[in-house]
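# What the coordinates show
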Amino acid sequence: MTNKTTMPRLLDKIDSPADLKGLSLPALEKLAAEFRHEIVTTVTNTGGHLASNLGVVELTIALHRVFNSPVDKIIWDVGHQCYVHKLLTGRRQRFNSLRQYGGLSGFTCRDESQHDPFGAGHASTSVSAALGIVTARDLAGDDYQVVAIIGDGAITAGIAFEALNQAGHLGSKLIVVLNDNGMSISPTVGALAKLLRRVRFDEHYREAKKKGRQLITALPMGDNLWQFSTEVRDRLKGLVLPTMLWEELGFTYIGPIDGHNIHELETTLTQVRDGSNRPTLVHVITTKGKGYLPAESNAVYFHGLPAKGGNDESIPTYSEVFAQTMLRLARNEPRLVVVTPAMPEGNCLSIVEAEFPERVFDVGICEQHAVTFAAGLATQGFIPVVAIYSTFLQRAFDQIIHDVCIQKLPVVFAIDRGGIVGDDGKTHQGTFDISYLTLIPDLIVAAPKDENEFQHLLYTAIKSGRPMAVRYPRSAGLGVKLDTVLHEIAIGEYETLRHGGDVAILAIGAMVAPAMKAADELALRGIEATVVNARFAKPLDRTLVVDLASRIKRMVTIEENVLSGGFGSSVLALLQESGLYDIKVKNIGIPDEFVEHGTQAILRSKYGLDAEGIIRQVLELFPDHSIDWTGVSGKARTA
Ligand SMILES: Cc1ncc(C[n+]2csc(CCOP(=O)(O)OP(=O)(O)O)c2C)c(N)n1
C-alpha cells in the first residue's frame, strides 16, 4: 500500500459526514486508500483491531453518504470496526490517541460522540439495540433510519437471533447490514457460516444473481426496484435456499453485494433506505484486512494487534501455559474436552486442536451456550474445560448457576484476562469475576500466584470432580520454572510466603508478586509483613485468616477485582462472623467505577495495585508509626 505524502490529503478535509457528500467516485476511492493508510500507520503503533477496520472502509463511506448520522442511527456491532467511522465523525485529530489512557476508545462509545448512538465492545448486541431504537422511533412518531452492521461472526450469537426473531415479528423498518467476511477472529464456525459460504461461493447463485442484476439495470430509471427484486428473489428461490432463511425470519433479503464497491453499496443502500418499510437484511461481502496484504493474507493475526513494544516474548503468557497444560492433561485424560466461544486464538488452543481436533469445540460467539454445552458433556462423564475471557463469561452468569452449580457438575472454568486487561477498556476489564463467582454456592474459585502454580491449579480443577474456576491474568508469567510433574493443591489451603508480626497481607492471583515486593520495601521501613498467597477466593482458608487476624491485628487484602463483593469483602465477613471486631483491615482493589482504557501499568498504578500503591496503602494502617517516607509517592499520606 502506498500513500503519496506530497499530495494534499482529502482526509484532512473530512471533519464530518457532510464533507463526504459532494465527492466524486474517484475522490471517494482515493479517500478510501487514505483511510487505510491512516489506520495502518496508527494501529501498528497504538495497537487495535486492524483487519476488521480495513475490511469496512468502503462500507463505512457508503453508509455515511447514504444515511444522515447522527439523525439516522448507525450501530456497529462489537464496535471494533468503527475506526473509519471515528475518522469521519470529528475524531480524526485525536485518532493517534486511540486506546491510549485518556484518549479515544477502541470501540463505539456514547460518551465520545453523538455519532455513536450505542456503545459496544462485546459482540452481537447491535440488532437488539437497533430494534429498541426503531421501536422508540415508531412510538414517538419519528421517521429516521436505523442501521445495524453485524459481522458473520457476531451474528452466530443467540442474542442476535433473539433480536432478528422479534424484528421479524414487529415488522418495522430496520436495516441490518450483514458484513460477511467469512471470519470471526478465526474462521467463523457453524451451520450458519456454512450457509453464508454457500451464498458467497455458489456458482449457480452468482450466475443467477448476475442475470437478475442485468434484468434490473435494463429497466427504465425510477421503476419500482422492490417489484423487481422480488421477481429476482422468486427466480432465485429454487436455486438458492440459503437466502430464504432471512425471508422466513421476516426480512427482505438483498445481496450479496460487493462490499468494496462504493457505487454498488451506495446504490443498494439508497434503494433500501427509500424502499420497503419492512425489516431488511443487506448481505455485504467483504475481505478482512482489505488493501493491506499482510492483513489480507493473515487476518487472524491482524485481527487485533498489540501496541508497539509489547510484552517480553521469552516468557510464556498465562494463555500459553494454559494451552500447554491442557495438552499435557488431555494426553492422559481421555475425558478432557475444551470448549471455547470463538476465542481459540486468544486462548492459544491451536496446539491442543492440532493433536485432539475432536476434543476442542469452538462454539461461536455463544458464551451462554458454551457453558450449558459443557454442562451437558459433564452429565455424561466428560470433564469439560470452558476456556473463556473473564469479561465474556459475564454473559453466562445464569448458566453457571442454573446449569452447572445447582447440579454440581464438574465443569472447569479457565478464566483468561482476569483483572485489568488494559487497552480494550471498560467493556473488557476482567474485574468482576471474583465477585460474581464467589457468591455462587458449590463453586470453587482459585487464582494462581504464578504460571507454575497455575498448571497445578488446572490439574487440581480437573481432578476435583466439582465445578471450579481458575482465573488468570492477561500477561506473561513471572518467568518461574514449570514443574514437570503436576500435583493437586488442597482446596482452600493458602500458602504463607513470608512471616512478619506487624501486618498480614493476603494477596490473590497476580497481586501476590507486587505484595511480596511491597513487603520487602516495608521491611526496609521497619514494618514486618506476613504475606499470604490466598490462592482460593472461595473457599477461604478460614483457620489461617482467623489465626493471623487474631495475632497480628492488622490485615490487608489485595485483589485485582472490584472491592464490592470481592475477596476482601469475604475476608471482612469472616472476621465479623468470627467476632474479630477490633482488627484494622484495609481492602485494596478496584473502587466502584468502570475502569478506562490504558496500559495495565498505568491502570494498576492509578488504583494502587502495584508495589508502590500497596506500600502507600499499608502505611495508612500505621499512622503513629515512625516511618521513613522517602521514596513513597506524595499521594501516600492520605491517612
Ligand atoms: C461476547 C463477545 N465474545 C467475544 C468477543 C471477542 N471478539 C471480538 S471481535 C470478534 C469476532 C467478530 O467477528 P465478526 O462479527 O465477523 O467481525 P469481523 O471482525 O470479522 O469483522 C470476537 C469473537 C467479543 N467482543 N464479545
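Reading guide: rules and limits
- Residues numbered from 1 in each chain as written.
- Predicted model: local features only at pLDDT ≥ 70, side-chain atom pairs only at ≥ 80, totals over all residues.
- Heavy atoms only, no water.
- Helix = DSSP H or I, 4+ residues; strand = E, 2+ residues; numbered from the N terminus.
- Buried < 20%, exposed > 50% of the residue type's maximum accessible area, 1.4 Å probe, protein only.
- Contact = heavy atoms within 4.5 Å.
- Areas by Shrake-Rupley, 256 points an atom, 1.4 Å probe, with all protein chains shown as cover.
- Pairing = 2+ DSSP bridges.
- Axes fitted to C-alpha atoms, helices over the stretch in contact; angles between N-to-C directions.
- 1 Å grid on protein atoms, 1.4 Å probe; cavity = no way out; pocket = protein on both sides within 12 Å on 5 of 7 lines; lining within 4 Å.
- Points joined across faces, edges and corners; volume = space filled by probe spheres on them.
- Right-handed = clockwise from strand over helix to strand, strands pointing away.
- Arc of directions from axis to C-beta.
- Near = heavy atom within 4 Å.
- Polar contact = N/O pair within 3.5 Å; in protein donor to acceptor, adjacent residues only side chain to side chain.
- Nonpolar A, V, L, I, M, F, W, Y, C, P; charged D, E, K, R; others polar.
- Core = buried A, V, L, I, M, F, W, Y, C linked by side-chain atoms within 4.5 Å.
- Phe/Tyr/Trp six-rings, centres within 6.5 Å; stacked < 30°, edge-to-face > 60°.
- Lys NZ or Arg CZ within 6 Å of the ring centre and 35° of its normal.
- Salt bridge = Lys/Arg side-chain N within 4 Å of Asp/Glu carboxyl O.

The helix and strand tally for the chain stands at 24 helices and 17 strands. The burial tally for the chain puts 58% of its 639 residues in the buried class. Within the chain, residue pairs in contact and separated by at least 24 positions form 78% of the contacts whose partners lie at least 6 positions apart. With the model as given, the accessible surface of the chain reaches about 25,600 Å², and the carbon-plus-sulfur share is 53%.

What follows concerns the sheet that holds strand E12 (residues 495–498). Pairing is mixed across the open sheet formed by five strands, whose spatial order is E12-E14-E13-E16-E17. Lying at the two open borders of the sheet, with one neighbouring strand each, are E12 and strand E17 (584–590). Between one strand axis and the next, the sheet turns by 25° as a mean value, whatever way the strands run. For E12 and strand E14 (residues 529–533), the ladder comprises three bridges, and the chain directions are antiparallel. Counterpart to Glu495 in the pairing with E14 is Asn533. Of the strands in this sheet, strand E13 (503–507), strand E16 (554–562) and E17 are in contact with helix H22 (residues 567–577), which crosses E16 at around 145°.

With that out of the way, let us pick up the environment of Ile588. Relative to the helices and strands, Ile588 is located in strand E17. Through-space distance from the C-alpha of Ile588 to that of Glu559 is 6.4 Å; in sequence the pair is 29 residues apart. Residues in contact with Ile588, not counting those within four places in the same chain, are Val556, Thr557, Ile558, Glu559, Leu563, Gly608, Leu609, Ile614 and Gln617.

What follows covers the sheet that holds strand E4 (residues 252–258). Working definition: the strands of a sheet are paired by backbone hydrogen bonds and lie parallel or antiparallel to each other. If you trace the five strands from one edge of the open sheet to the other, you get E1-E2-E3-E5-E4, paired in parallel fashion. At either margin of the open sheet sits one strand with a lone partner, and together these are strand E1 (73–76) and E4. Geometrically, the sheet is characterised by an average inter-axis angle of 20° between neighbouring strands, direction not taken into account. With five bridges connecting them, strand E2 (residues 146–151) and strand E3 (residues 174–180) associate as parallel partners.

Take empty space enclosed by the protein next. Where empty space is left can be seen by rolling a probe of water-molecule size over the atoms. Under the criterion given, the structure shown has four cavities of 30 Å³ or more. If you go around the largest cavity, the residues you meet are Gly153, Thr156, Ser184, Ser186, Pro187, Thr188, Val189, Ala342, Asp362, Gly364 and Ile365.

With that settled, consider the pairing of E17. Note on strand geometry: in a regular strand, side chains alternate between the two faces of the sheet. Sheet topology note: the E16/E17 ladder contains six bridges and is parallel. Of the residues in E17, the one forming a bridge with Met555 is Val585. In the classification by handedness, the crossover that spans E16, the intervening H22 and the parallel E17 is right-handed.

What follows deals with helix H17 (residues 397–405). Within the sequence span of H17, burial applies to Gln399, Ile400, Asp403, Val404 and Cys405. Along the axis of H17, the buried positions cluster into a sector of 155°, meaning they face one direction only. For H17, the secondary structure elements touched by its buried residues are helix H15 (367–379), helix H16 (390–393), strand E9 (412–416) and helix H18 (433–438).

Attention now goes to the site of the ligand. Looking at the ligand, there are 22 residues lining it, with His80, Ala123, Gly153, Met183 and Glu367 nearest. Within the contact set of the ligand, an oxygen atom lies 2.9 Å away from a side-chain nitrogen or oxygen of Ser52. Contact between the ligand and Gly121: a nitrogen atom at 2.9 Å from a main-chain N or O atom of the residue. Alone, the ligand offers 580 Å² of accessible surface; in the complex the protein occludes 98% of this. When its residues are assigned to classes, the shell around the ligand shows nine nonpolar, nine polar and four charged.

The nonpolar side chains of a soluble globular protein tend to be buried, and buried together. One finds Phe322, Ile400, Phe413 and Met555 to be the most contacted residues of the largest nonpolar core, which totals 86 residues. In terms of residues, this core owes the most to one element, helix H13 (residues 318–332), which gives eight residues. Ignoring anything within four residues of it in the chain, the contact list for Phe322 reads Asn347, Leu349, Val385, Ala387, Ala414, Phe454, Leu458 and Tyr472. One finds Val43, Val66, Leu88 and Val272 within the second-largest nonpolar core, a separate group that totals 49 residues.

This next bit is on the packing of aromatic side chains. Under the definition given, this model contains 11 aromatic pairs. One aromatic cluster is present, built from ring pairs that chain together Tyr318, Phe322, Phe454 and Tyr472. One residue, Lys73, lies across the ring of Tyr144, its end atom 4.9 Å from the ring centre. In this arrangement the basic side chain of Arg359 is found over the ring face of Phe356, its NZ or CZ atom lying 4.5 Å from the centre.

Let's shift gears to the pattern of salt bridges. Pairing between side chains becomes possible if they bear opposite charge and their charged atoms approach one another. All told, the structure shown has 32 salt bridges when counted by the stated rule. The partner of Glu58 in a salt bridge is Arg36, and the shortest N-O contact between them spans 2.8 Å. Pair noted here: Glu58 is in helix H3 (residues 57–66) and Arg36 is in helix H1 (residues 25–46), with a separation of 22 residues, a long-range link. For the pair shown, Glu58 and Arg36 are each scored as buried. As a salt-bridge pair, Arg535 and Glu453 come within 2.9 Å of each other at their nearest N and O atoms. With a gap of 82 residues between them, Arg535 in the loop between E14 and strand E15 (536–538) and Glu453 in helix H19 (residues 451–464) connect regions that are remote in the sequence.

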